[in-house]
Amino acid sequence: MAYSMTGFGRGEVSGCGYQFSVELKAVNHRFLEIVVRLPRNFAEFEERVRKTLQEKFKRGRIEVHINIVETEEKMRLAKVDKELALSYDKALKDLASALHTAYDTDIYRLVALPEVLSVQEPEIEGDTLWDVCAEALMKATEGFGQMRRAEGEKLTCDLLQRLDQLAEHLRLISERAPYVVTDYQERLQERIQTLLGGVELDPVRLANEVAYFADRASITEELVRFDSHLAQSREALNSPDSVGRKLDFLVQEMNREINTIGSKANDLIIGKQVVIVKSELEKVREQIQNLE
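Residues numbered from 1 in each chain as written. Predicted model: local features only at pLDDT ≥ 70, side-chain atom pairs only at ≥ 80, totals over all residues. Heavy atoms only, no water.

1. A short note on the overall build of the protein chain
Move 1: What the protein chain contains, in helices and strands, is eight helices and six strands.
Move 2: Secondary structure elements in the protein chain, listed N-terminal to C-terminal, are β-β-β-α-β-β-α-α-β-α-α-α-α-α.
Move 3: With 292 residues in all, the protein chain has 35% of them scored as buried.
Move 4: A separation of at least 24 residues holds for 79% of the contacts in the protein chain among residues at least 6 apart in sequence.
Move 5: Within the structure as shown, the protein chain displays about 17,900 Å² of accessible surface, and the carbon and sulfur contribution to it stands at 51%. (Helix = DSSP H or I, 4+ residues; strand = E, 2+ residues; numbered from the N terminus. Buried < 20%, exposed > 50% of the residue type's maximum accessible area, 1.4 Å probe, protein only. Contact = heavy atoms within 4.5 Å. Areas by Shrake-Rupley, 256 points an atom, 1.4 Å probe, with all protein chains shown as cover.)

2. Remarks on the packing of aromatic side chains
Move 1: According to the stated counting rule, one finds six aromatic pairs in the structure shown.
Move 2: Pairing Phe20 with Phe42 gives two aromatic rings, centres 6.1 Å apart and planes at 85 degrees, and the pair type is edge-to-face. Here Phe42 lies in the loop between strand 3 (32-37) and helix 1 (46-54) and Phe20 lies in strand 2 (residues 18-27), a separation of 22 residues in the sequence.
Move 3: The class of Phe20 is buried, set by a relative accessible area of 0%.
Move 4: One aromatic cluster is present, built from ring pairs that chain together Tyr18, Phe20, Phe42, Phe45 and Trp130. (Phe/Tyr/Trp six-rings, centres within 6.5 Å; stacked < 30°, edge-to-face > 60°.)

3. Some details on helix 8 (residues 268-288)
Move 1: Over its 21 residues, helix 8 extends 30 Å from the first C-alpha to the last, a length consistent with the 30 Å expected when each residue adds 1.5 Å.
Move 2: For helix 8, the set of buried residues is Ile270, Gln273, Val274, Val277, Glu280, Leu281, Val284 and Ile288. Seen from one end, helix 8 has its buried residues packed into an arc of 135 degrees, which puts them on one side. In helix 8, the exposed residues that point more than 90 degrees away from the buried face are Leu268, Lys272 and Val275. (Expected span 1.5 Å × (residues − 1). Arc of directions from axis to C-beta.)

4. Here's the deal with the environment of Ile276
Move 1: With respect to the secondary-structure elements, Ile276 resides in helix 8.
Move 2: On the basis of relative accessibility, which here comes to 34%, the residue Ile276 falls in the partly exposed class.
Move 3: Along the primary structure Ile276 and His169 are separated by 107 residues, whereas in three dimensions their C-alpha atoms are 8.0 Å apart.

5. Structural notes on the sheet that holds strand 2
Move 1: Pairing is mixed in the open sheet, where four strands are placed in the order 1-2-4-3. If you trace the sheet from one side to the other, it starts and ends with strand 1 (7-15) and strand 3, each paired once. Neighbour-to-neighbour, the strand axes of the sheet open up by a mean angle of 15 degrees, direction not taken into account.
Move 2: With 10 bridges connecting them, strand 2 and strand 4 (residues 60-70) associate as antiparallel partners. By the bridge assignment, Tyr18 is partnered in strand 4 with Glu70.
Move 3: Contacts from helix 1 reach strand 2, strand 3 and strand 4, with the element oriented near 145 degrees to strand 3. (Pairing = 2+ DSSP bridges. Axes fitted to C-alpha atoms, helices over the stretch in contact; angles between N-to-C directions.)

6. Topic: the nonpolar core
Move 1: Judged by nonpolar contacts, the single largest core of 30 residues is most densely connected at Ile219, Phe226, Leu247, Ile258, Ile261, Ile270 and Leu291.
Move 2: For this core, the secondary-structure elements that each account for two or more residues are helix 4 (126-196), helix 6 (220-237), helix 7 (244-265) and helix 8.
Move 3: If near-sequence neighbours (up to four positions away) are discounted, Phe226 is found in contact with Leu170, Met254, Glu257, Ile258, Val277 and Leu281.
Move 4: Listed in part, the 27 residues of the second largest apolar core include Ile34, Phe42, Val49 and Ile66. (Core = buried A, V, L, I, M, F, W, Y, C linked by side-chain atoms within 4.5 Å.)

7. Considerations on the confidence of the model for the protein chain
Move 1: Looking at the protein chain, the pLDDT average stands at 85 and 83% of residues meet or exceed 70.
Move 2: Least confident of the elements in the protein chain is helix 5 (residues 203-217), whose mean pLDDT is 56; most confident is helix 1, at 96. (pLDDT = per-residue confidence, 0-100.)

8. Remarks on the packing of helix 7 against helix 8
Move 1: Interaxial distance between helix 7 and helix 8 falls to 10 Å at its minimum, and their mutual angle equals 165 degrees. Taken together, the axes of helix 7 and helix 8 are roughly antiparallel relative to one another. In terms of crossing hand, the pair formed by helix 7 and helix 8 is left-handed. Side by side, helix 7 and helix 8 meet where Gly244, Leu247, Asp248, Val251, Met254, Asn255, Ile258, Asn259, Ile261, Gly262 and Ala265 of the first sit next to Ile270, Val274, Val277, Lys278, Leu281, Val284, Arg285 and Ile288 of the second. (Parallel < 35°, antiparallel > 145°, perpendicular 65-115°, else oblique. Left-handed = near helix turned anticlockwise from the far one by under 90°.)

9. Describing the packing of helix 6 against helix 7
Move 1: Interhelical geometry of helix 6 versus helix 7 gives an angle of 160 degrees and a closest axis separation of 9 Å. Judged by the angle between their axes, helix 6 and helix 7 are roughly antiparallel. In terms of crossing hand, the pair formed by helix 6 and helix 7 is left-handed. Where helix 6 approaches helix 7, its residues Glu222, Leu223, Arg225, Phe226, His229, Leu230, Gln232, Ser233, Ala236 and Leu237 are matched on the opposing element by Lys246, Leu247, Leu250, Glu253, Met254, Glu257, Ile258, Thr260, Ile261 and Lys264.

10. Describing the environment of Phe144
Move 1: Tracing the chain through its elements places Phe144 in helix 4.
Move 2: Counting along the chain gives 121 residues from Phe144 to Glu23, while the straight-line C-alpha distance between them is 9.0 Å.
Move 3: With residues up to four places along the chain from it excluded, the contact list for Phe144 reads Gly7, Phe8, Gly9, Leu24, Lys25, Ala26, Phe57 and Ile62.

What follows is the structure, encoded as structure tokens:
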């Protein structure tokens, strides 16, 4: 079953004093492009996020938004730089002595001085935090994948129906093909009789001319190749692999075959079918742009 390139998914997990919220959004793209947006102090996770998504998806422009906030579980510790506080105290005493003024140590004023008192964050290993982030990312990819699969199923059904329509038009062309030569022979005889004014026509020369036309106007090979491309397209749509590029190539080949059929057959009825087929192929091509 083919997958769509468009989708959305969201995952949220809390742990280690943080809450990780991950959102995935994807639109069509010829190749796989991953754009990661997350807080600067967690920039080390960007490459891990890319690698995780590259293992799961093949095409599309995927935007990853990771929001990280602290939770109540996260405990902070106050830390006092005792040596710095003592140094401040000594310097202030020396200053008071130099100025011949009294100085009484005030601990509250000391801790207000730069860098004496600081808030220490609990040390958490990067791998531990990544495990929490990865869990949120997995939840997001699950919903993201389900949406892509559901959309892919709809696209697959539509494309299979269009391929059936193309096969029907191909059948009509195949049925008409044998009459192209006989119609040409009749038109040629009538034209020659008109030009010759009743003079007897050399049957050998007429047969040679008709045989030459039949060989030049034969579309058997093109019909066989077109039918083969249809079969390969159906097979690709039922494959679990990424099929967008392959189907795009097959549609190009079918366009080439139908153009050749139209130019070689030189027939009004076949020409009408060729126009319809080209129109259907364009619709198929547009739908394929949505497949991974």
